[in-house]
Amino acid sequence: MYDPTQLRTFLSVAQTLSFTQAARRLGLRQSTVSQHVRRLEEATGRQLFARDTHSVELTEDGEAMLGFARRILDVHEQAAQFFTGTRVRGRLRFGASEDFVLTRLPEILERFRHEHPEVDLELTVELSGILHERLAAGRLDLVLAKRRPEDPGGELVWRDELVWVGPPGLRLDPNRPVPLIVYPPPGITRALALRALEREGRQWRIVCTSGSLNGLLAAARAGLGVMVHSRGLIPPGLVRMPERAGLPEPGEVDFVVAHGRHRPAARGAADALAAAILAGGDRLHRGGRGSARADGDDRHDHHHRHHGR
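**Concerning helix 9 (residues 213-221)**
Reasoning step 1: Looking at helix 9, one finds that the buried residues are L213, N214, L216, L217, A219 and A220.
Reasoning step 2: Buried residues along helix 9 sit in contact with helix 5 (98-101), strand 7 (178-182), strand 8 (204-209) and strand 9 (227-230).
Reasoning step 3: Taking the backbone nitrogen of N214 as reference, a side-chain oxygen 3.1 Å away marks S212 as the first, capping residue of helix 9.
Reasoning step 4: Backbone geometry just downstream of helix 9 places G223 in the positive-phi region, at approximately 85°.

Here you go:
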């Protein structure tokens, strides 16, 4: 009843909330993307996206279709792998920013390990800026991270609005500098937060710096100050600061998957994991909101090696 090609297009639009970005990711014309979505809407008899000249949003039926599309495509993928019998192997050095480790990334990695048991996956968790530096230096094969505004590299997984967050009930004194909780340089959200405040001429002071997201969350939950965070990944115990706080809009951030200069042995594994991340991008943020946990390991540069053999 539902065409897998149309479902893949639907998922790409749902993740990027942009027909243009979905077309770019899929290598299709924008008119083809619109046609796929229209045909899927005709097949379901429901409107899946609410669109106007400025924005694209999922409807309630679109949110429901996310889960169905994901499962249908998963089964298609499993059947294709079963009958083609391709075996991906080798060591894959994968870097992810900590935002994702607290959401559904472990599920995607577990599934990847199950489907590609001969890949040795080495996971590095770090700040996005450091991950990009290590990728450029040839120390990582693939990263999932925020994209630096000046860096055009990487394939868009999704784009999200940045917001100010703090504990419920936190009040900021408008006559005092904004108390900031930030990553150290080269943190991408740090740079965007400072840029937004400086653009508005707002004074600020840094009350807490930590290279660990868990450290930042502890400070924020204790009410020490506010931090900039992706709207789709707001952790439990924190809420978006209300407009009356008078904080300037920090802007948007792109989450991308980026390839390094591949070692031949890592190319197949990197391609397979990149495809899994792009296909499951909706799980990383939409599903992550309620399930995000922040009670894990506090070390900000840890390596885990999974041996599937």
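**Regarding the pattern of salt bridges**
Reasoning step 1: Tallied over the full model, the rule gives 12 salt bridges.
Reasoning step 2: As a salt-bridge pair, E126 and R134 come within 3.9 Å of each other at their nearest N and O atoms. Across the pair, exposure class does not vary: E126 and R134 are buried alike.
Reasoning step 3: Across the pair E161 and R240 runs a salt bridge, and its minimum N-O distance is 3.0 Å. Here R240 lies in strand 10 (residues 239-240) and E161 lies in strand 6 (residues 155-166), a separation of 79 residues in the sequence.
Reasoning step 4: Judged by relative accessible area, which is 23%, E161 ranks as partly exposed.
Reasoning step 5: Take R240: its relative accessible area is 39%, and that puts it in the partly exposed class.
Reasoning step 6: Within the structure, one salt-bridge network assembled from shared partners comprises R70, D74, R111 and E115.

**What to know about the pairing of strand 7**
For a regular strand, side-chain orientation follows a simple rule: the groups alternate between the two sheet faces.
Reasoning step 1: Across the five residues of strand 7, five count as buried, placing the element largely inside the fold.
Reasoning step 2: Taking every second residue as pointing to the same face, both faces of strand 7 are buried, with V178, L180 and V182 on one and P179 and I181 on the other.
Reasoning step 3: As paired elements, strand 7 and strand 8 share five bridges and run parallel to each other. Counted as the bridge partner of I181 is C208 from strand 8.
Reasoning step 4: A crossover links strand 7 with its parallel partner strand 8, the connecting element being helix 8 (residues 188-200), and its sense is right-handed.

**So, the side chain of R25**
Reasoning step 1: Mapped onto the fold, R25 is located in helix 2 (residues 19-26).
Reasoning step 2: E155 is the oppositely charged side chain nearest to the buried, salt-bridge-free R25, at an N-O distance of 5.0 Å.
Reasoning step 3: When sequence neighbours within four positions are dropped, the list of residues in contact with R25 reads S12, Q15, T16, E155, L156, V157, W158 and L278.

**Quick notes on the packing of helix 1 (residues 4-16) against helix 2**
Reasoning step 1: Where helix 1 meets helix 2, the axes come as close as 8 Å, and the angle between the chain directions of the two elements is 130°. Of the possible angle classes, the one that applies to helix 1 and helix 2 is oblique. Considering only the axes of helix 1 and helix 2, their crossing is right-handed. For the pair helix 1 and helix 2, the contacting residues are T9, S12, V13, Q15 and T16 in the first and F19, Q21, A22, R25 and L26 in the second.

Rules behind the numbers
Residues numbered from 1 in each chain as written. Predicted model: local features only at pLDDT ≥ 70, side-chain atom pairs only at ≥ 80, totals over all residues. Heavy atoms only, no water. Buried < 20%, exposed > 50% of the residue type's maximum accessible area, 1.4 Å probe, protein only. Helix = DSSP H or I, 4+ residues; strand = E, 2+ residues; numbered from the N terminus. Contact = heavy atoms within 4.5 Å. Polar contact = N/O pair within 3.5 Å; in protein donor to acceptor, adjacent residues only side chain to side chain. Salt bridge = Lys/Arg side-chain N within 4 Å of Asp/Glu carboxyl O. Pairing = 2+ DSSP bridges. Right-handed = clockwise from strand over helix to strand, strands pointing away. Lys, Arg positive; Asp, Glu negative; His and termini not counted. Axes fitted to C-alpha atoms, helices over the stretch in contact; angles between N-to-C directions. Parallel < 35°, antiparallel > 145°, perpendicular 65-115°, else oblique. Left-handed = near helix turned anticlockwise from the far one by under 90°.

Keep in mind that these numbers describe shape and distance, not what the molecule does.
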